[in-house]
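Observations on the three-dimensional arrangement
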Amino acid sequence: MEIRLFSQVGTTPRAGGLVLDCNVLQSLFCSWSCTHPAIRRPVLYINPATGFLKEGGTLKLECATDKGRVIYWFKNKQYFDSTQSNIYEEPVDSETGGSYHCMTSTPWKKSETVEVVVTVSDEVLTLEANPEHALRNERIEMSCWTRPQNLRGRNHFGWYRNNGLIKQSTYGSLTIESAAYSDEASYRCELKIGYKKWVSNELNITVSDGNVAFHVVPVSPLEGETVKLNCRSRLDIWWETEFTFYKKGKMIHSMKSEKRESSHSIKINSTDDSGLYSCKVYPYISWPVDVQVQERFAKPVLRVGPAAEVFEGLRLMLTCTVQMARPSVQFHYSFHRDSDALKTVPDHSSVYTINATAANDSGNYSCEAIEAVYSLRKRSDNIHISIKQSFAVPKLTVRPEGQLFDGHRIELLCCIEENPFQASLWYTFYRNSVPLQSSSDHSDYISESAHPADSGTYHCEVTNGKVWKRSNQLDLSIRRIPVSKPELIIQPGKGLIEGDTGSLICSVSNGSLPIYYQFYNSSSVELYRELSNSTEVVYNIGAINRRDEGLYHCSVRNEVTGPQHSEDIAITVIVPVKDAVLISCTNGTEIQSGEDLVLRCLVGEGTQPQFLWYHNNVPLRNSSVSYHVTADGGELVIHSFQRDDVGKYHCAAINKGTNDIIFNVTSDDIEFTLRARSYSKEILVSLLSVLLFAGLIVLVCFIHRRRDTGAAARHLEYAAVGAAHTAGECHCIGVIKDPHTVIVHRNLLEILVEHLSRQIGQFSLDMWRLSGREFSPYTLFYHSL
């Protein structure tokens, strides 16, 4: 048999397209129910049993019936679901409220109806009282109100005292005509419209005796909250009256008002604010109210890990723990050593870590928990932590002690007095915080030659790989050294051979570099200058010539010393002897017996020549009975020429250069013989001597006249040397120092020669240079032929 069921009202099918109405089911299946009297009627249970649910909760319905039967669920007599289970659950919202029942089929049975009322949370129902804190026998009026749109429909107000229902009404007010101590309680009101309900706030009504009512809201505050103190006078006030508030018997605030009621708010910082509070409206004082402040969180506890004994270089972890706190409290943490705040922990964590401890980390540690909303602070007890040393703090010293000078050796020592674990240590030295070298296992740093640029602040650092320790600082100032008096030397010696190279070396024994060197000649003309980082400078003269002869000196100075001058040193230029010539003052090589033979050895040039005489290649001594050598060694005079004197004569000129080098030149040989005596020539020579002497007198007078007129003749010097003994002899007639004088007076000399030639026959004039020096004297000789 197919059965089709239809609702009495047109609705949209649900639960598989079948819409059921309870009245229809009862009429259609009444006969079926009567034929099955053993099947019991279902019972509907609701959780919670009161039927009052809050938004956000869960509605749980249980249909108690025989097992294995399909349950049909109805709300406000409308079918909405069917289940194989006898339990139905759904979340509670503002539309969940209603009248529920359940039904079973085969046969159809219906449960009793159960009402579900939902307490709405998004609408506010407010309970107020005037006065809230009443004096005995005062009238108290309470009002329960909400927005007007919430009052549509039939209103049901319920009034509760200490959670017990005391009155129901359709209006939202309640009056206590004369307050008594028994009226002091916690009140609330509820508003029910349909299947929705609103619940007001709890309102504590207090009743006190006397003429001043005092109350505190809240009376059990949490740390950080603000407490409102309210003071009200029973009597009407017609003039300005002073209200005074007290905490633990001490006044905390005072104000004047023309109203019966006044209030004052204070912030509760800690549990120390607990105690008796009161107020006074002159001259009456209220009963005290005991305010008990509740902790938001307990005092934090600091724990140290991972080990109780901490050594340098090891990890230290501090944990700040708040053992008891309200769930909603959020904290920031800070850590302190010896009352100084440590570096802020990232994200204000409750753990502070020192990855590598040092000796200076020792101290008294504490932590502070800071409540984020009310900025409440609580600090833990101190814990003393002593960090044990791995090795002592290094000490930096310097050698030598005292003043340090430029160029001296400096040694820095980084000393560790204690190293109990004998750890391998590495040292690094710094100047002005810049490392001087890479880390090494050497505890000293040496500068063999320090300079002013090395001045600065020094320190050293020592590490064992885990711990780094820094020494004390040393401020080192390296002074510049004044330059000493210089010494000038000549290389290869003071006597330099013409043509060789020579140099001047200027040196100092002390002085900070750089040093400025200057070289001067005898005329104080600067020859060379140089700024040098050496203690000596060489000036190369080059190829030496005669013009380089003279005095020389050098001067030095540096940044701290003015010019210092050396002693003068003389350079002598040595000219090697050259072109030795043997000259005989006798015309011819035949010498009359008994006649004196005068020989002169001349050189073309040469410095301080020495002469040696040879007879038949045998050296002659400087003096003998038969001959003598002049003081300068350049002339040999043989007295009374005899047969033993016959032979070859020659001379040698020598001088000495540097390093004992000997220069030697030899003249050609002249061979002299002995001849017979001739008296006619002696007479002629005697006459010639007289004429020659007269000519010299005329020459002297002429030169003297030229001297008076400023002519160059003033340079002429003459000397009568001797007289001729025989015809054809060579005679020395004078000496002229200036070669220009020879040129100027050559015409005069030629006149003299021409005159002599007419008197005695042929006559010639020779001029011999006596030395190698410029402007050296010239000797005049004549020959009668």
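Source: prediction; values computed, not measured. (Residues numbered from 1 in each chain as written. Predicted model: local features only at pLDDT ≥ 70, side-chain atom pairs only at ≥ 80, totals over all residues. Heavy atoms only, no water.)

Turning our attention to the overall build of the chain. Helix and strand counts for the chain come out as five helices and 68 strands. Counting across all 785 residues of the chain, residues that qualify as buried make up 43%. Split by element, the accessible area of the chain, about 43,300 Å² in all, is 50% carbon and sulfur. (Helix = DSSP H or I, 4+ residues; strand = E, 2+ residues; numbered from the N terminus. Buried < 20%, exposed > 50% of the residue type's maximum accessible area, 1.4 Å probe, protein only. Areas by Shrake-Rupley, 256 points an atom, 1.4 Å probe, with all protein chains shown as cover.)

Before going further, it helps to spend a moment on the environment of R232. Within the secondary structure, R232 is located in strand β20 (residues 226-233). The spacing of R232 and H133 is 99 residues in sequence and 8.7 Å in space, taken between C-alpha atoms. The contacts of R232, once residues within four sequence positions are left out, are P131, H133, A134, L135, E138, N211, V212, A213, R260 and E261. Reaching out from R232, the side chain makes a polar contact with the backbone oxygen of H133 at a distance of 2.6 Å. A polar atom in the side chain of R232 sits 2.9 Å from the side chain of E138. (Contact = heavy atoms within 4.5 Å. Polar contact = N/O pair within 3.5 Å; in protein donor to acceptor, adjacent residues only side chain to side chain.)

Before going further, it helps to spend a moment on the layout of surface pockets. Reported here for the second largest pocket is a volume of approximately 290 Å³. Examining the composition of the lining of the second largest pocket, we find that three residues originate from one element, β20, more than from any other. (1 Å grid on protein atoms, 1.4 Å probe; cavity = no way out; pocket = protein on both sides within 12 Å on 5 of 7 lines; lining within 4 Å. Points joined across faces, edges and corners; volume = space filled by probe spheres on them.)

A few words on the pattern of salt bridges. According to the stated counting rule, one finds 30 salt bridges in the structure shown. Residue R260 is joined to E138 by a salt bridge in which the shortest nitrogen-to-oxygen separation is 3.8 Å. One end of the pair, R260, is in the loop between β22 (250-257) and β23 (261-267); the other, E138, is in the loop between β11 (133-135) and β12 (140-145), with 122 residues separating them in the sequence. Residue classification places E138 among the buried positions, given a relative accessible area of 13%. One continuous salt-bridge network, built from bridges that share partners, spans E138, R232, D236 and R260. (Salt bridge = Lys/Arg side-chain N within 4 Å of Asp/Glu carboxyl O.)

Taken together, the side chains of V525, L527 and Y528 present a nonpolar region at the surface, about 210 Å² in accessible area. Here Y528 lies in strand β51 (residues 526-532). A relative accessible area of 30% places Y528 in the partly exposed class. (Patch = residues over 30% accessible without salt bridge, like charges linked within 9 Å, V, L, I, M, F, W, Y side chains within 5 Å.)

The next thing to look at is the sheet that holds strand β47 (residues 487-491). Taking strand neighbours across the sheet as the criterion, the three strands line up as β47-β49-β52 in an open arrangement whose pairing is antiparallel. Only two strands of the sheet have a single neighbouring strand rather than two, namely β47 and β52 (536-543). Averaged over all neighbouring strand pairs, the angle between strand axes comes to 20°, with direction disregarded. Note that β47 and strand β49 (residues 501-507) share five bridges and pair antiparallel. Bridge assignment links I489 to a residue of β49, and that residue is I505. (Pairing = 2+ DSSP bridges. Axes fitted to C-alpha atoms, helices over the stretch in contact; angles between N-to-C directions.)

As a further point, take the confidence of the model for the chain. Parts of the prediction with low pLDDT should not have their coordinates interpreted in detail. In this model, the chain carries a mean pLDDT of 80, and residues with pLDDT of at least 70 account for 80%. Ranking the elements of the chain by mean pLDDT puts helix α4 (residues 739-744) last, at 39, and strand β40 (residues 426-431) first, at 96. The low-confidence segment residues 706-748, where pLDDT is below 50, has 102 contacts with residues more than four positions distant or belonging to other chains. The model gives residues 758-785 a pLDDT under 50, and that stretch makes 102 contacts with residues more than four places away or in other chains. (pLDDT = per-residue confidence, 0-100.)

All right, on to unusual backbone geometry then. Cis geometry marks the peptide bond from V217 to P218; its omega dihedral reads -10°. As for its placement among the helices and strands, P218 is situated in the loop between β19 (212-217) and β20. Although it is not a glycine, Q608 sits at a positive phi angle of roughly 45°. For Q608, a relative accessible area of 66% translates into the label exposed. The backbone of N617 shows a phi angle near 65°, a positive value even though the residue is not glycine. As for its position among the elements, N617 is in the loop between β59 (610-615) and β60 (618-619).

Turning our eyes to something else, we now look at the side chain of T607. With respect to the secondary-structure elements, T607 resides in the loop between β58 (597-605) and β59. Exposure remark for T607: the relative accessible area of 10% places this residue in the buried category. A polar side-chain atom of T607 sits 2.7 Å from the main-chain amide nitrogen of V575.

What follows is about the sheet that holds strand β62 (residues 635-638). Backbone-to-backbone hydrogen bonds pair the strands of a sheet. The strands run either parallel or antiparallel. The sheet built from four strands is open, its strands ordered β56-β58-β62-β61 with antiparallel pairing. On the outer flanks of this sheet lie β56 (578-584) and β61 (627-629), each paired with one strand and no other. Strand-to-strand twist in this sheet, taken as the mean axis angle between neighbours without regard to direction, amounts to 15°. Direction of pairing for β58 relative to β62: antiparallel, over a ladder of four bridges. Its bridge partner being in β62, L599 is matched across the sheet by L636.

With that settled, consider the pairing of β62. Remember that side chains alternate between the two faces of the sheet whenever the strand is regular. Across three bridges, the pairing between β61 and β62 is antiparallel. Paired with H628 across the two strands is V637, which belongs to β62. With antiparallel pairing between neighbouring strands as the criterion, β61 and β62 make up a hairpin whose turn holds five residues, including G633 at a positive phi of roughly 80°.

Our next topic: the state of the cysteines. Applying the stated rule across the entire model yields seven disulfides. Across the disulfide from C414 sits C460; the S-S distance is 2.0 Å. Between C414 and C460, the S-S torsion sits near 70°, and that sign places the bridge as right-handed. Remark: C460 occurs in strand β43 (residues 456-463) and C414 occurs in strand β39 (residues 410-415); sequence separation between them is 46 residues. This pair shows no difference in class: C414 is buried, exactly as C460 is. (Disulfide = S-S within 2.5 Å.)

Counted under the stated rule, the structure contains 14 aromatic pairs. Plain terms: the ring middles of Y528 and Y539 are 5.7 Å apart, the flat faces sit at 15° to each other, and that makes the pair stacked. In this pair, Y528 sits in strand β51 while Y539 sits in strand β52, placing the two residues 11 residues apart along the sequence. Taken together through their ring pairs, the aromatic side chains of Y72, F74, Y79 and W108 make up a single cluster. The residue whose ring lies beneath R188 is Y160, and the NZ or CZ to ring-centre distance is 4.2 Å. (Phe/Tyr/Trp six-rings, centres within 6.5 Å; stacked < 30°, edge-to-face > 60°. Lys NZ or Arg CZ within 6 Å of the ring centre and 35° of its normal.)

This brings us to the pairing of β43. Across the eight residues of β43, six count as buried, placing the element largely inside the fold. Note: β40 against β43, six bridges, orientation antiparallel. Across the sheet, Y427 pairs through a bridge with V462, a residue of β43. Pairing between β43 and strand β45 (residues 474-476): three bridges, direction antiparallel. From the neighbouring strand, G456 faces β45, where its bridge partner is L476. Sheet topology note: the β43/strand β44 (residues 468-470) ladder contains three bridges and is antiparallel. In the strand pairing of β44, V462 is matched with K469.

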